[in-house]
Amino acid sequence: MSLRRVAVMGSGKIGRACAFFLQRSGSYDVTSLDHEGANLYWIKDNIPGASTRKVSFTDANAMAKALEGHDAVLAAGPFWHNPMIAEVCKRVGAHYLDLTEDVSVTQKVKELAGGAGTAFIPQCGLAPGFITIAGYNLAKSLDTVQDLRLRVGALPRFPSNALKYNLTWSTSGLINEYIQPCEAIVNGKLISVPPLENLEHCTIEGLELESFNTSGGLGTLAETLNGRIGTLDYKTLRFPGHRDILKLLLNDLGYAKDPEGLGRVFERSIPATDQDQVAVFVSCTGEKNGRLLERTYAKIIRHREIGGVPWTAIQITTASGACCVLDLLMEGKLPQKGFVRNEEVEWDDFIGNRFGANFADANDPSAHALRAVETGGGGAHNGQTIRM
């Protein structure tokens with residue numbers, strides 16, 4: 001079988017992981033494209049068989065020439081370049097996938113998908129992406145659904161500063177989710193809620209964490225479940241105290257109006273780390289056969305070596321999500337044209353995939369089950385319940 005030609009736009013932390021995983025699988029002929037030559041040197045030195053090409057992300061004609069003949073394009077660079085990349089994909093007839101959490105960018109991609117002869121699948125990394133697939137699967141497993149709560153956090157293994165945080169992924173993407181409005185479903189209605197609010201505390205595998213509103217993590221799930229569920233929200237997980245310092249920086253010191261300035265402060269002052277962990281928690285409450293149940297997925301994924309190369313947890317989780325969705329698309333398990341939502345990915349297809357297996361529960365040999373916790377009988381409970 002001939003290899004499928006895939007272009008990965010961007011060869012930074014996540015882009016290089018995507019390129020490595022895909023090329024190493026033996027199913028893809030990968031070309032890594034970037035406007036920074038220094039990033040491409042890493043690809044040349046560490047991914048045997050992968051091609052590299054330097055190209056401007058702001059020159060549509062040059063980009064079209066570079067992408068011509070590729071089966072699919074995975075946009076893994078700065079999110080503000082994605083609309084042009086999507087336009088070029090439509091022009092050259094390539095499938096389009098991206099990792100963005102930005103709501104406005106996704107809306108532009110959705111518009112471009114209209115009338116396209118190929119698939120357009122935005123937001124298929126970790127959150128949105130895997131978290132959407134896991135959450136929707138839990139909701140479908142119940143007869144009626146009351147609440148669905150999604151929580152994800154990229155965290156250092158050994159926090160040592162006041163923020164209890166280290167930089168592990170795109171600084172611009174990080175700040176963007178801290179300052180943009182957030183979608184949620186409250187009392188059965190889709191609404192906008194402010195970022196950094198609705199603080200909660202939880203414990204996952206012994207880690208004491210806080211969570212608060214951030215933007216973009218739901219992907220298209222809020223639109224899909226609007227009118228079908230009582231409560232749906234997404235929050236970012238951090239170590240306790242992080243949120244309050246963010247509110248000082250963004251609100252009191254005015255950096256919400258100067259995200260680029262805050263990005264410079266972060267990159268000057270907060271060290272990066274390769275020793276990280278990703279916390280994932282999904283909880284769905286509803287009824288099954290007349291009994292009230294809470295079904296959960298909870299996992300801590302840590303940095304480790306794959307294929308002889310050390311990878312951070314955020315690289316592993318984000319790249320695995322995107323590579324899995326691409327794999328399923330190439331296998332014909334997803335629609336082949338138009339706008340495709342992550343909710344259209346079946347859980348068994350995802351978790352049984354060679355890339356999706358990075359999210360599997362090591363204690364579950366079948367790798368297909370999500371834990372179910374029975375919380376009571378079939379009596380009344382608070383909140384709105386919608387039949388799925």
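Located above this text is the structure these notes cover.
Worth saying up front: this structure is predicted, and the values here are computed from it rather than measured. (Residues numbered from 1 in each chain as written. Predicted model: local features only at pLDDT ≥ 70, side-chain atom pairs only at ≥ 80, totals over all residues. Heavy atoms only, no water.)

Undergrad: So what exactly am I meant to see when it comes to the pattern of salt bridges here?
TA: Opposite charge on two side chains lets them pair, provided their charged atoms get close. The final tally for this structure, using the stated rule, is 14 salt bridges. Here Glu 346 makes a salt bridge to Lys 140, at a shortest N to O gap of 3.4 Å. Taken together, the residues Glu 346 in the loop between strand S17 (338–339) and helix H12 (347–351) and Lys 140 in helix H6 (residues 130–140) connect sequence positions 206 residues apart. Using a relative accessible area of 36% as the deciding quantity, one classes Lys 140 as partly exposed. Put simply, Asp 147, Arg 149, Arg 151, Glu 200, Asp 233 and Lys 235 are held in one network by salt bridges that share partners. (Salt bridge = Lys/Arg side-chain N within 4 Å of Asp/Glu carboxyl O. Helix = DSSP H or I, 4+ residues; strand = E, 2+ residues; numbered from the N terminus. Buried < 20%, exposed > 50% of the residue type's maximum accessible area, 1.4 Å probe, protein only.)

Undergrad: Is there a simple way to explain the state of the cysteines in this structure?
TA: Between two cysteines, a covalent bond joining their sulfur atoms is known as a disulfide. Counting across every chain of the model gives 0 disulfides. Of all cysteine sulfurs in the structure, the one in Cys 323 sits closest to Cys 18, which takes part in no disulfide; the separation is 4.6 Å. Not engaged in a disulfide, the cysteine Cys 284 finds its nearest cysteine sulfur in Cys 202; these two sulfurs lie 17 Å apart. (Disulfide = S-S within 2.5 Å.)

Undergrad: Any chance you could explain the packing of aromatic side chains here in plain terms?
TA: For any pair of aromatic rings, the description rests on two quantities: the centre-to-centre distance and the angle between the ring planes. This structure, assessed with the given rule, holds 13 aromatic pairs. Look at Phe 21 and Trp 311: their rings are 5.6 Å apart centre to centre, the planes differ by 70°, and that puts the pair in the edge-to-face class. Here Trp 311 lies in strand S16 (residues 309–311) and Phe 21 lies in helix H1 (residues 13–25), a separation of 290 residues in the sequence. Judged on exposure class, the residue Phe 21 and its partner Trp 311 are both buried. With a centroid separation of 5.8 Å and 45° between ring planes, the pair formed by Phe 130 and Trp 347 is classed as tilted. Of the two residues, Phe 130 is situated in helix H6 and Trp 347 in helix H12; the sequence distance between them amounts to 217 residues. The side chain of Lys 110 reaches across the aromatic face of Phe 339, ending 5.7 Å from its centre. (Phe/Tyr/Trp six-rings, centres within 6.5 Å; stacked < 30°, edge-to-face > 60°. Lys NZ or Arg CZ within 6 Å of the ring centre and 35° of its normal.)

Undergrad: Please explain the environment of Glu 210 as it appears in this structure.
TA: With respect to the helices and strands, the residue Glu 210 is situated in strand S11 (residues 207–213). Glu 210 gets classed as buried once you look at its relative accessible area, which sits at 3%. Expressed as a C-alpha distance, the spacing of Glu 210 and Phe 281, which sit 71 residues apart in the sequence, is 12 Å. Leave out the neighbours within four places in its chain, and Glu 210 touches Leu 199, Glu 200, His 201, Thr 236, Leu 237, Arg 238, Phe 239, Pro 240, Gly 241, His 242 and Arg 243. A polar contact is formed between the side chain of Glu 210 and the backbone nitrogen of Gly 241, at a distance of 3.0 Å. Of the polar contacts made by the side chain of Glu 210, one reaches the backbone nitrogen of Arg 243; its length is 2.7 Å. (Contact = heavy atoms within 4.5 Å. Polar contact = N/O pair within 3.5 Å; in protein donor to acceptor, adjacent residues only side chain to side chain.)

Undergrad: Explanation requested: the sheet that holds strand S6 (residues 119–121) in the structure shown.
TA: One key point about sheets: their strands pair by backbone hydrogen bonds, in either a parallel or an antiparallel sense. Strand order in this open sheet of 7 strands is S3-S2-S1-S4-S5-S6-S17, and the pairing throughout is parallel. The outermost strands of the open sheet, each flanked by one partner alone, are strand S3 (51–54) and S17. With 4 bridges connecting them, strand S1 (residues 4–9) and strand S4 (residues 72–75) associate as parallel partners. Counted as the bridge partner of Val 6 is Ala 72 from S4. (Pairing = 2+ DSSP bridges.)

Spatial relationships are all this shows, so hold off on functional conclusions.
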